[in-house]
Amino acid sequence: MSAVRTWLRQPPATLVSGGIVAATVLLAIVGPTLAPFNPERPTPLVLLPPSPRHVFGTDASGIDVLSVALAAFRVDVVIALVSVGISLIAGIMLGAVAGYGFNGSRLAAWASTIILRLLDLVQSIPVFILALALVGMFGQTVRNVVIGVAFVNLPVFARLTRSAVRSVEHREFVAASRALGVRETGILGSHVLPNSLDGTIAYASIAVGGAILLTAGLSFLGAGVRPPTPEWGAEIASGAGYIVTGQWWISVLPGLVLSAVVLSFALLGDAARAALERAGRPAAMPGAQVLTVPAGEERMPA
Amino acid sequence: MSPPLLRVENLRVGFPDGGAWIHPVRGVSFEIGAGEIIGLVGESGSGKTLTALSCSRLVGPPARVSADALRLGDVDLLRATDPMLRALRGRQIGMIPQDPLTSLHPSLTIGRQINDALTDHGVRGGERRRRALEVLDRVGLPDPPAILRRYPHELSGGMRQRATIGLALANAPSLLIADEPTTALDAMIQAQILHLLADLRASWQTSILLISHNLGVVAGVCDRLLVMYAGRIVESGPTSQVLAESMHPYTRALLEAVPRLESARALYGIPGTPPTPWNRPRGCAFHPRCAYRIERCQVDDPPAAVVGPGRLAACWVSQVRGGLPVISPTPSRGDGATLTVRSIGSTEDPLFQVTGVTRHFAVGPAWRHEIVHALDDISFDVHRGESLGIVGESGSGKTTLARLLALLDRPTHGEIAYDGEDLARLRGASLLKFRRRVQIVFQDPYSSLDPRYTVADAVREALRTHRICPPREEDAHIREVLDKVGLSAHFAGRYPHELSGGQRQRVCIARALAVRPEVLIADEPVSALDVSIQAQIVELFEQLRRQERLTLVVVAHDLALIRQVSDRVLTLYLGKIVEDAPAAVYAVRPRHPYAFALGRSVPSVERVGELPPILVTAELPPATAPPPGCRFHTRCFNAHPRCSRDEPPLVGDHGHRFACFYPVTEEQYSSLTPRTVDAGVR
């Protein structure tokens, strides 16, 4: 019960974005089955404005826009989640190796330098161009879009992990374990990494929003998932030409859905980060709320 | 007597805490007369800083400050409006914050900061510069015109604290509130600051409220003492009387808990931990930790009552009996005498052999880096069964030495051998074996435990790493080792954030003991803890030494503590050993001028109204460019031309070595004594 109450005390923006994110994940699972019409089969009912029957109207191929928007949850959100998952795991591993000094090991220093320069290389190319090139090179399949999006996200996760690892590495409990004789890989895995991941994981939520935008963006340019797979970016692109002639709903309504989802992931990520910072504060203020033990409980041995 | 400058009556500070109110300060009353220095003593969380901040109305929402009276001169501070308070702060009340390293604006010059303080109170034009130069000179900073142009990072810690005091004095306030003004400083600089406070009162009639957890600091300069516990003043009165005949058990217990340089004796750690405002016990807040408690203490909170001329105490026992019975507050330990008789480890059996060890660090960018000489050509042995103390100011290289001994760092040159084996050659199994035999406990118990590991998990890691016992016996082992450090079994499931500092340090020690080491290295093991808790940990070390036959290496800047726990003391200065002496000799007759000056600069609770002499005024030279010859010659009162040319070797006999051509003379032992404080007009 108290968990519910804590949750309800959050700012409204967090509540709304949390709700939308929860709905998004739910729709990624059941979205296509909720679609009132087949989102891939063209019909003669082209360019119908929004009406009770076609709430978002229909597009130039006569496909119900709402059905596309709903079915696309599974495509865009799943691509984003999977690719962020991949880059999160790979980024944490690379960041850990690049950040941890292994008690002054030469080899680790070299590995760190090499990883960092490779990350520089990846980051020096604009994200969108890089993703475009990757998908263009290997082919427009869902798998390649996932790999491309994961690849461009990886440097940020690696750098976040690295900087956290570098600060945790100098905490005394690491030296304490070292003096105890625990192996360096063991210290990294059981002490340094668990204490370094909060910020990286909070960022993952923001990154999911970005990844959805990137996936949709690739399709918008025709370089992402191929039609007729229902997809927000492709649908927005297909309606772009009709806005000037007054058929605004094809682009605008799926675009609004996309914006709401991306914004919610970003807001939730911010809230998560703020919550982690709050949780981190008592540790920095020693003795702020120390549990006091009655005198009898703590005593000198006889 | 003239009316008091500051009058505080029944001051309460409350904070909202989920619907209810908690009161970290509850009913504090005291007065400060003109030209008086009052000491406010208490452990962390006792409410002393909140009390001080309330005096200049710096406690803002959500806190609520109330009092029957809160007056500074003719001004009612409770009714004063914000503009009135602003005019008052700086002009009437000056504040010296604790940390000189962070309390100056880092990107403004000292001159600009003093200027701003003066401008705010209407001082204009050339008068400002004149006043700024005057206060900097007043606080003893050399070459004031140059200091005005400096930025804080260009000054040393002691100079920064002086500049901070200068800033507080710029508008010549009648009341100075100094919140732990020397806690972040080394002993010699602390002595200088204390002299400065005493001089201010003598020449400017400044009243001072000096807040400190260190009884020695307040004993030297304060006319009267206020002892705070759990948000109340439990005892007050003239300094000499409060310290000599304490009327509250807490004051007496604090005195018993402080190690003294003059004599090693059994310390008395107050059992338990201070209560927090969230869970204060019923009745007298101190009764669960009190050796004198009677039944009434558990029910009624004693009011402050007059127990002598100018003396108040809030204690049922002393009120009923007219004083505290003269019993030892440590009935449980009758073996105090055994602690002073020490066994010097046999010299034939060195565990550690340190030979010509040098450790240099490169700082700055690779193309123009500087070399920090942390340690230079150090040689000494640590014998089996002895307790070795290592002292020095910050920057002397003592922590570097501890890390080298624990093999957390490797020397640039030289060799460290343990039990005949060169540490540099240890690999694999032999390295693991060394790790088991030599354990280290760190300074900060808040960062030396992994926040995600329970107490049991932390100890278990030690047991598993060295395969101390089969997994099913682990729990029994953990219980046993927790018991050794005085923690009951149900601490096993707790996380570090649920423990107090003292409890955490016990866990760190338990974890080190779990692998049955031969040597325990402790790097400033108590400096992050409260006085009463420090004594508990020191007691624990003493006990472990006797029971576990441990060899101890204790690194600390607190000389009295080192005196308390060690048989032999190494004094380090700028990366060199200047003296290696038996603890008893070190405490009274150190031969090296630096060891002597350091020892004399420690304020003592036994010398009420006396300040430690200032034997050394010059600044510590940078470790990147240590002076040639004897490194101490730039600050030494015995320095001869030869000292700046030749480096004195570390020689001597009977286990007493020192590195000095002109050691302290018999005459100097008696002439360089503490100075009696000038009480000003009183």
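Please refer to the structure placed before this passage.
Owing to the predicted nature of the structure, the values given are computational and were not obtained by experimental measurement.

Peer 1: Looking at this structure, I do not really get the overall build of chain A. What am I missing?
Peer 2: Each helix and strand in chain A was counted, giving eleven helices and zero strands. Out of the 302 residues belonging to chain A, those deemed buried represent 46%. Contacts in chain A between residues far apart in sequence, at least 24 positions, make up 71% of those at least 6 positions apart. Total accessible area on chain A stands at roughly 14,800 Å², and carbon and sulfur atoms take up 70% of it.

Peer 1: Would you mind showing me how to read the interface of chain A and chain B here?
Peer 2: The figure often quoted for interface size is the accessible area lost as the parts come together. On the chain B side, the residues contacting the 32 residues of chain A number 50 residues. Our enumeration of links across chain A and chain B arrives at one salt bridge. Close ionic contact of D198 of chain A with R452 of chain B constitutes a salt bridge, the shortest N to O distance being 3.3 Å. Those elements that provide at least two residues to the side of chain A that touches chain B are α7 (172-180) and α8 (184-192) of chain A. Top contributing element to the side of chain A that touches chain B by residue count: α7 of chain A, with eight residues. Taken together, the residues that form the side of chain A that touches chain B break down as 16 nonpolar, nine polar and seven charged.

Peer 1: Got a minute to help me understand the pattern of salt bridges in this structure?
Peer 2: Where charged atoms of side chains with opposite charge meet at close range, the side chains can pair. All names here are of chain B. What the rule picks out here adds up to 38 salt bridges over all chains. A salt bridge links E127 to R130; its shortest N-O distance comes to 3.2 Å. Taken together, the positions of E127 and R130, both in helix α4 (residues 125-138) and three residues apart, correspond to about one turn of that helix. Overall, R130 belongs to the partly exposed group, its relative accessible area being 45%. As a salt-bridge pair, R589 and E666 come within 3.5 Å of each other at their nearest N and O atoms. Pair noted here: R589 is in the loop between α20 (583-588) and α21 (593-600) and E666 is in helix α22 (residues 666-671), with a separation of 77 residues, a long-range link. The class for R589 is partly exposed, based on a relative accessible area of 36%.

Peer 1: Can you walk me through the packing of aromatic side chains in this structure?
Peer 2: In this description, a pair of aromatic rings is defined by centroid distance and the angle of the planes. Residues and elements named next belong to chain B. What the rule picks out here adds up to 14 aromatic pairs over all chains. Where Y573 meets F632, the ring centres are 5.0 Å apart and the plane angle is 85°; that geometry is what we call edge-to-face. Residue Y573 is found in strand β22 (residues 568-573), and its partner F632 is found in the loop between β24 (610-611) and β25 (651-653); the two are separated by 59 residues along the sequence. A residue is classified by how much of its surface remains accessible, and Y573, at 1% relative accessible area, is buried. Judged by centre distance (5.2 Å) and plane angle (70°), the ring pair of Y594 and F632 falls under edge-to-face. With Y594 in helix α21 and F632 in the loop between β24 and β25, the pair connects residues that are 38 residues apart, well separated along the chain. No difference in accessibility class separates Y594 from F632, as the two residues are buried. Ring pairs connect the aromatic residues Y229, Y250 and F286, which therefore count as one cluster. Its guanidinium or amino end placed over the ring of Y669, R589 lies 4.4 Å from that ring's centre, counting from NZ or CZ. Above the plane of the ring of F661 lies R642, whose end atom (NZ or CZ) is 3.6 Å from the centre.

Peer 1: How should I be thinking about the sheet that holds strand β18 (residues 421-422) of chain B in this particular structure?
Peer 2: Where strands meet in a sheet, backbone hydrogen bonds hold them as pairs that are either parallel or antiparallel. All names here are of chain B. Taking strand neighbours across the sheet as the criterion, the four strands line up as β15-β14-β17-β18 in an open arrangement whose pairing is antiparallel. Taken across any chain shown, the strands that pair with only one partner, and hence form the sheet edges, are β15 (370-383) and β18. In terms of strand pairing, strand β14 (residues 350-363) meets β15 through ten bridges, oriented antiparallel. Residue pairing for β15: F352 is matched across the bridge by V382.

Peer 1: Got a minute to help me understand the pairing of strand β11 (residues 232-238) of chain B in this structure?
Peer 2: A regular strand carries its side chains on alternate faces of the sheet. All names here are of chain B. Burial of β11 is extensive: six of the seven residues sit out of reach of the surface. With six bridges joining them, strand β10 (residues 224-229) and β11 adopt antiparallel strand pairing. Looking at the pairing, V227 lines up with E235 of β11. Between β10 and β11, which pair antiparallel in sequence order, lie two residues; one of them, A230, sits at a positive phi of approximately 50°. With two bridges connecting them, β11 and strand β13 (residues 311-313) associate as antiparallel partners. Note on β13: the bridge partner recorded for S236 is L312.

Criteria and thresholds
Residues numbered from 1 in each chain as written. Chains lettered and ligands numbered in written order. Predicted model: local features only at pLDDT ≥ 70, side-chain atom pairs only at ≥ 80, totals over all residues. Heavy atoms only, no water. Helix = DSSP H or I, 4+ residues; strand = E, 2+ residues; numbered from the N terminus. Buried < 20%, exposed > 50% of the residue type's maximum accessible area, 1.4 Å probe, protein only. Contact = heavy atoms within 4.5 Å. Areas by Shrake-Rupley, 256 points an atom, 1.4 Å probe, with all protein chains shown as cover. Salt bridge = Lys/Arg side-chain N within 4 Å of Asp/Glu carboxyl O. Nonpolar A, V, L, I, M, F, W, Y, C, P; charged D, E, K, R; others polar. Phe/Tyr/Trp six-rings, centres within 6.5 Å; stacked < 30°, edge-to-face > 60°. Lys NZ or Arg CZ within 6 Å of the ring centre and 35° of its normal. Pairing = 2+ DSSP bridges.

Keep in mind these numbers describe shape, not what the thing actually does.
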